[in-house]
Amino acid sequence: MQTHFIPAAHDHGMPATTASGLLALVGIFDILGTVFSGWLTDRVRPWLLLAVYYALRGLSLMFLHSLMGPTVEPLMWIFIVFYGLDWVATVPPTVVLCRQYFGPVKATVVFGWVFAFHMIGAGAGSLTAGLSRETTGSYLAAWITAAVLCLAAAVSLLFLPRMRKAYEDPQLEQVGV
């Protein structure tokens, strides 16, 4: 998203300055969404939050291509606000899941590896999206692929094994996990 949003919007006739302003707004709403997600993570099961976040992100990406145009229409504003709120909202529940499944000592290392593989995936996704754009002249395949991967991530969380009470962590018990 962050790598290809501006060129994709430009492909649809939107000035790069307008597209970059929209991407900046995604970043602003990202801060609000991440903070709110942290609050929600203390109150809702983290795997459920992740499933909802990924499913909604996937659905929104399915429509992104059709929202692109030379001007910013109301549906694009809705996408920008929603995508911003959802963008990094996955971090708080992911951190909690790492802590629940691997314990407070190993959780930081596990989350570090999750983050590292996320960056590898982001690089591979950016490369393949660019290659797809160069081959087909459109980012449509990239948006659909990203959407399908998000939906697959959401579904995969439904198969997350139930956590055993292996780690006694007073902080987790305090939030009702």
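Each value, and the rule that gives it
Residues numbered from 1 in each chain as written. Predicted model: local features only at pLDDT ≥ 70, side-chain atom pairs only at ≥ 80, totals over all residues. Heavy atoms only, no water. Axes fitted to C-alpha atoms, helices over the stretch in contact; angles between N-to-C directions. Helix = DSSP H or I, 4+ residues; strand = E, 2+ residues; numbered from the N terminus. Parallel < 35°, antiparallel > 145°, perpendicular 65-115°, else oblique. Contact = heavy atoms within 4.5 Å. Nonpolar A, V, L, I, M, F, W, Y, C, P; charged D, E, K, R; others polar. Expected span 1.5 Å × (residues − 1). Bend = angle between axes of the 7 residues up to and from the residue. Salt bridge = Lys/Arg side-chain N within 4 Å of Asp/Glu carboxyl O. Buried < 20%, exposed > 50% of the residue type's maximum accessible area, 1.4 Å probe, protein only. Phe/Tyr/Trp six-rings, centres within 6.5 Å; stacked < 30°, edge-to-face > 60°. Core = buried A, V, L, I, M, F, W, Y, C linked by side-chain atoms within 4.5 Å.

### Section: the packing of helix α2 (residues 16–41) against helix α5 (residues 91–136)
Relative orientation of the contacting elements α2 and α5 amounts to 40°, with a least axis distance of 7 Å. The orientation of α2 with respect to α5, classified from their angle, is oblique. Each of Thr-34, Ser-37, Gly-38 and Thr-41 in α2 lies in contact with α5, whose residues at this interface are Pro-92, Pro-93 and Val-96. The residue inventory of the contact of α2 with α5, partitioned by class, reads three nonpolar, four polar and no charged.

### Some points on α5
The first and last C-alpha atoms of α5 sit only 33 Å apart over 46 residues, clearly below the 68 Å expected at 1.5 Å per residue. Of all the bends in α5, the greatest, near 125°, is centred on Gly-103, and the proline Pro-104 appears no more than four residues after it. Of the residues flanking the end of α5, it is Gly-137, one or two places downstream, whose phi is positive at about 80°.

### Some points on the pattern of salt bridges
Scanning the entire structure with this criterion turns up three salt bridges. Across the pair Asp-86 and Arg-57 runs a salt bridge whose closest N-O atoms are separated by 2.9 Å. Of this pair, Asp-86 sits in helix α4 (residues 74–87) while Arg-57 sits in helix α3 (residues 46–67), and the two are 29 residues apart along the sequence. Here Asp-86 falls in the buried class, since its relative accessible area comes to 4%. A residue is classified by how much of its surface remains accessible, and Arg-57, at 10% relative accessible area, is buried. For the salt bridge of Glu-134 with Arg-133, the shortest nitrogen-to-oxygen distance reads 4.0 Å. On the basis of relative accessibility, which here comes to 63%, the residue Glu-134 falls in the exposed class.

### Brief notes about the packing of aromatic side chains
One pass over the full model with this rule turns up five aromatic pairs. With a centroid separation of 6.2 Å and an interplanar angle of 50°, the aromatic rings of Tyr-83 and Trp-87 are classed as tilted. On the criterion of helical spacing, the pair formed by Tyr-83 and Trp-87 is a turn pair, its members being four residues apart in helix α4. A single burial state applies to Tyr-83 and to Trp-87, both of which are buried. Here Trp-113 and Phe-117 contribute two aromatic rings whose centre-to-centre distance is 6.1 Å and whose plane-to-plane angle is 35°, an arrangement assigned as tilted. Taken as a pair, Trp-113 and Phe-117 lie in helix α5 at a separation of four residues, close to a single helical turn. Overall, the relative accessible area of 55% leaves Trp-113 in the exposed class. With a relative accessible area of 52%, Phe-117 lands in the exposed category. Taken together, Phe-79, Tyr-83 and Trp-87 form an aromatic cluster joined through their ring pairs.

### Structural notes on the nonpolar core
Of all hydrophobic cores here, the largest spans 24 residues; its most connected members are Phe-5, Leu-61, Leu-64, Met-68, Met-76, Phe-79 and Trp-143. Contributing elements (two or more residues each) for this core: α1 (5–11), α2, α3, α4 and α6 (140–157). Considering each element in turn, this core owes the most residues, five residues, to α4. If sequence neighbours within four positions are ignored, Phe-5 has contacts with Ala-19, Leu-22, Leu-23, Leu-64, Met-68, Met-76, Ile-80 and Trp-143.

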